[in-house]
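These are the residues of each chain, in order.
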Amino acid sequence: MYFARRGREKLRFSKAAVVRTITGGLCLSVISACSCVAEWEGGLPLRDGAADAEEVPADEQGWVHGPEREPSDRPAQALEQPDEQEGPDEQEEPWKPGGRTDKIGESSASRDGDFYWARHAGTELDVIANDHPWVEIVEDRLEEFEENTGITVRFEVYPEDQFRAKRRVEMMSGVSDFDVLMIMPGQALSAYVAEGWVEPLDDLLADDSITAPEYEVDDYYEGVLEAGARDDKQYTMPILLETSLLAYNEELFERFDLSPPETMGELEEAARTVYEGTDGEVYGITLRGNRAAATSQWADFLYSFGGEWLDDQGRAAIDSEEAIESLRFYGGLLRNYGPRDAVRNRWYESVSLFTSGRAAMIYDANVFRPDYEDADRSNVHDRVGYAPIPEGPAGRIPHISHWGLAVSSQSPALEASWLFIQWATGREISAEAHRRGIPSARESIWEQQDPSSSWAEASMASYAAADWQWNPPIINVDAAREVVGRAIVAAILDDNVVEAAQSAAAELDGIIEEEES
């Protein structure tokens, strides 16, 4: 399967899941207006953090929430093979994981016969994770990993803004106790690699004695592996694969005799029809509008209108005619047919509006299917349809993004961390997550998907047309998103869009020049 990258080389797609915090450390909380959701109008009791969100600067954080973690006194873990005659509990035969062949794999012996899943029994691992729906699945099954390997895993899970800031502060300290990091490569990997905070995985992947034969790296879509690599080195293994879809309320579409919009013009007409037909009681559409948090979804409109983040000379192109038109269109949808406080809304407010029945459509990550269809928390759970982004002047061009797992360069437990990553991103966990609506990054899992599912059909169509570059392709992504986010807000508020785009482009060029100096 190949994914078009419009004007660039084709991106071959080839293969990708993990966890939750139970005990933890010096927990971080961001004191921000969006950290409290008490004001929302009905709908889903939401978790923070799933797709991306704006990273809050460290100097705006407050330290609250959760138990304290004692400083680690763990000895550095030896990386050499255990003695051939000394398996766990001094067993003479290669240790098999409790006789269970359907969890870790059919055999614990590696291709050279020396592989032990329990080779690092007694090791303790600390994992920091974003509060993502996928994490709950691994939390439910963590005991099986601990029983099969003898490794104890402690998780700290935070809402996304707090998670990003906490993770960065820990790594900057140089004394972090975290071994495994959940990370969104398109958001933070370039900066983490530049700082030397994450460990390359290539030697582990190539070593049959520490990589289980059933891990099947070739089952991952290659494009998502490429997204987790820098300078030809692999730093992350994928958890899941996201794109964005248009989800719509089938009952409202039937009531107003609407079909899933095929073009941007039809999208605007559908939003207008519902909004005016309900006298504004139901919003025609909801989208992210809160500065940096909006950039990942606006990117699909940018591409579909023919725009790009950067031009051929590597300078900001967000003030091009195409980019300005996409800003006007995106801002106009929200201003004319969306919620009045759209500029405050990130993914969780937007998802809540749709699941409460207050919005006829939402364009956001396909990973939110479990939220849309949750019978206990969604008022529209039994009437949700899915479609790819409508066609713009340049076609239908959504984005691909994903979460992955990386090993901290400060971890003394490299091999134990790698064993955990293999289990957490393996086929078994990936398949279960996919069944629950969390899109897998493994090709084989999608091949087993029910083709009659509109979610699967729309997701696959989006993958086939997507661009993997969903953020400005520079190191300081956070600063870039904040700059671009201000232009999106200006468009929603009907300010001077041309002036806002030009100002944002100048600021973005300043960031690029600083990185080049």
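Residue numbers here run from 1 along each chain, matching the order of that chain's written sequence. Only residues with pLDDT of 70 or above have their local features reported here, since the model is predicted, and side-chain atom pairs are shown and tallied only from 80 upward, although totals for entire chains, interfaces and linings are computed over all residues. Hydrogens and waters are ignored; side-chain quantities use all the structure's heavy atoms.

Q: How should the overall build of the chain be read in this particular structure?
A: When helices and strands are counted, the chain shows 17 helices and 14 strands. Taken across its 517 residues, the chain has 60% of its residues classed as buried. The helix and strand labels rest on DSSP assignments: H or I over at least four residues marks a helix, E over at least two residues marks a strand, and numbering proceeds from the N terminus. Only protein chains enter the calculation, and the probe is 1.4 Å; a residue is then buried if its accessible area is under 20% of its type maximum, exposed if over 50%, and partly exposed in between.

Q: Sorry if this is basic, but what is going on with the sheet that holds strand β7 (residues 180-183) here?
A: Strand-to-strand pairing in sheets goes through backbone hydrogen bonds, with the strands running parallel or antiparallel. If DSSP finds at least two bridges between two strands, the strands pair. Ordered by their spatial adjacency, 5 strands build an open sheet running β6-β5-β7-β14-β10, and the pairing between neighbours is mixed. The sheet is open, and its two edges are formed by β6 (152-158) and β10 (237-238), each paired on a single side. One ladder, built from 2 bridges, connects β10 with strand β14 (residues 404-407); its direction is antiparallel. Looking at the pairing, M237 lines up with L405 of β14. Whether two residues are in contact is decided by their heavy atoms: any pair within 4.5 Å suffices. To obtain an axis, a line is fitted to C-alpha atoms, over the contacting stretch when the element is a helix, and the angle between two such axes runs from 0 to 180 degrees between their N-to-C directions. In the packing of helix α1 (residues 133-149) onto the sheet, the strands contacted are β5 (124-130), β6 and β7, and the crossing angle to β6 comes to about 165°. Packing against the sheet, helix α2 (residues 160-173) makes contact with β5, β6 and β7, and its axis sits at approximately 135° to β5.

Q: What exactly am I supposed to notice about helix α8 (residues 291-304) here?
A: A helix is expected to span 1.5 Å multiplied by its residue count minus one. Along its 14 residues, α8 runs 20 Å from first to last C-alpha, staying within 8% of the 20 Å computed at 1.5 Å per residue. What we call the bend at a residue is the angle made by axes fitted to the seven residues finishing there and the seven residues starting there. The largest bend in α8 is about 45°, located at Q297. Remark: G306 follows α8 within two positions and exhibits a positive phi of approximately 95°.

Q: Explanation requested: the environment of V153 in the structure shown.
A: Along the chain, the position of V153 falls in strand β6. Exposure remark for V153: the relative accessible area of 4% places this residue in the buried category. Contacts of V153, omitting those with residues within four sequence positions, involve L125, V127, L142, F145, E146 and F420.

Q: What is the right way to read the pattern of salt bridges from this model?
A: Once their charged atoms are close, side chains differing in charge can pair, the charge on each being opposite to the other. Take a side-chain nitrogen of Lys or Arg and a carboxyl oxygen of Asp or Glu: if they are within 4 Å of each other, that pair is a salt bridge. A full pass over the atoms with the stated rule returns 27 salt bridges. Here R346 ties to D161 by a salt bridge, and the two come within 2.4 Å at their closest N and O atoms. Of this pair, R346 sits in the loop between α9 (321-337) and α10 (347-355) while D161 sits in helix α2; the two residues are 185 residues apart in sequence, bridging distant segments of the chain. Judged by its relative accessible area of 4%, R346 is buried. Judged by relative accessible area, which is 5%, D161 ranks as buried. Among the salt bridges present, the one from R383 reaches E251, with a minimum N-O distance of 3.4 Å. Taken together, the residues span a long stretch of sequence, with R383 in the loop between α11 (369-372) and β13 (384-387) and E251 in helix α6 (residues 250-255) at a distance of 132 residues. Accessibility expressed as a relative area gives 22% for R383, which makes it partly exposed. What emerges from the salt-bridge pattern is a single network uniting R141, E144, E428, E432 and R436.

Q: Honestly, the nonpolar core in this entry has me stumped. Any pointers?
A: Across soluble globular proteins, nonpolar side chains have a tendency to be buried as a group. Residues belong to a common nonpolar core when they are buried Ala, Val, Leu, Ile, Met, Phe, Trp, Tyr or Cys residues joined through side-chain atoms within 4.5 Å. In this structure, W134, M182, Y192, Y372 and F420 are the most contacted members of the largest nonpolar core, which totals 84 residues. Non-local contacts of Y192, meaning those with residues more than four positions away in its chain, are made with R164, R167, R168, M171, L181, I183, W197 and V198. In terms of nonpolar packing, the next biggest core, distinct from the first, is built from 59 residues, A294, M361, A490 and A505 among them.

Q: Help me understand the sheet that holds strand β11 (residues 244-249) in this model?
A: Spatial strand order, β12-β11-β13: 3 strands in an open sheet with antiparallel pairing. Each edge of the open sheet is held by one strand with a lone partner, namely β12 (361-365) and β13. Neighbour to neighbour, the strand axes of the sheet diverge by 30° on average, direction disregarded. In the sheet, β11 pairs with β13 via 4 bridges, with the strands oriented antiparallel. Looking across to β13, one finds that A247 is bridged to Y386. Where α8 meets the sheet, its contacts fall on β11 and β12, and the angle it forms with β12 comes to roughly 105°.

Q: Quick question: what am I supposed to make of the packing of aromatic side chains here?
A: Given two aromatic rings, their pairing is described by the distance between the two centres and the angle made by the two planes. Think of it this way: a Phe, Tyr or Trp ring, Trp meaning its six-membered ring, pairs with another when their centres are within 6.5 Å, and the plane angle makes it stacked under 30 degrees, edge-to-face over 60, tilted otherwise. In total, this model carries 21 aromatic pairs according to the counting rule given. Look at Y275 and Y337: their rings are 6.2 Å apart centre to centre, the planes differ by 70°, and that puts the pair in the edge-to-face class. In this pair, Y275 is assigned in helix α7 (residues 264-277) and Y337 in helix α9, connecting sequence segments 62 residues apart. You'll find Y275 and Y337 in the same group, each marked buried. Members of the aromatic cluster, each reached through a chain of ring pairs, are F301, F305, F329, Y330 and Y363. Should the NZ of a Lys or the CZ of an Arg lie within 6 Å of a ring centre and within 35 degrees of the ring normal, that charge is described as sitting over the ring. Between R442 and the ring centre of Y215, over which it is positioned, the NZ or CZ distance is 5.5 Å. A cation sits over an aromatic face here: R442 above Y220, 4.2 Å from the ring centre.

Q: What exactly am I supposed to notice about the packing of α7 against α9 here?
A: Geometrically, a packed helix pair is captured by the angle between its two axes and the distance between the axes. In the contact formed by α7 and α9, the axes pass within 10 Å of each other and the chain directions differ by 10°. As far as their axial angle goes, α9 and α7 are roughly parallel. Contacts between α7 and α9 involve M264, L267, E268, A271, R272 and Y275 from the first element and F329, L333, N336 and Y337 from the second. Tallied by class, residues from the contact of α7 with α9 come to 7 nonpolar, 1 polar and 2 charged. Relative orientations are named as follows: roughly parallel for angles under 35 degrees, roughly antiparallel for angles over 145 degrees, roughly perpendicular for angles from 65 to 115 degrees, and oblique for any other angle. When residues are grouped by polarity, Ala, Val, Leu, Ile, Met, Phe, Trp, Tyr, Cys and Pro land in nonpolar, Asp, Glu, Lys and Arg in charged, and all others, Gly among them, in polar.

Q: Would you explain the environment of D126 in this entry?
A: Inspection of the secondary structure puts D126 in strand β5. Residue D126 is classed as buried on the basis of its relative accessible area of 3%.

Q: So what exactly am I meant to see when it comes to unusual backbone geometry here?
A: With the exception of glycine, the majority of residues adopt a negative phi angle, and the majority of peptide bonds are in the trans configuration. Located in the positive-phi region is D231, a residue other than glycine, with phi close to 55°. With respect to the helices and strands, D231 occurs in the loop between β8 (229-230) and β9 (233-234). Even without a glycine there, the phi angle at D232 is positive, about 65°. Along the chain, D232 turns up in the loop between β8 and β9.

Q: Quick question: what am I supposed to make of the pairing of β6 here?
A: Note on strand geometry: in a regular strand, side chains alternate between the two faces of the sheet. Burial runs high along β6: 5 of the 7 residues are buried. Across 7 bridges, β5 lies against β6 in parallel orientation. Following the sheet pairing, A129 is matched in β6 by V157. Handedness of a crossover is defined as follows: with both strands directed away from the viewer, a clockwise route from the first strand across the helix to the second makes it right-handed. Each parallel crossover has a hand, and for β5 linked through α1 to β6 it is right-handed.

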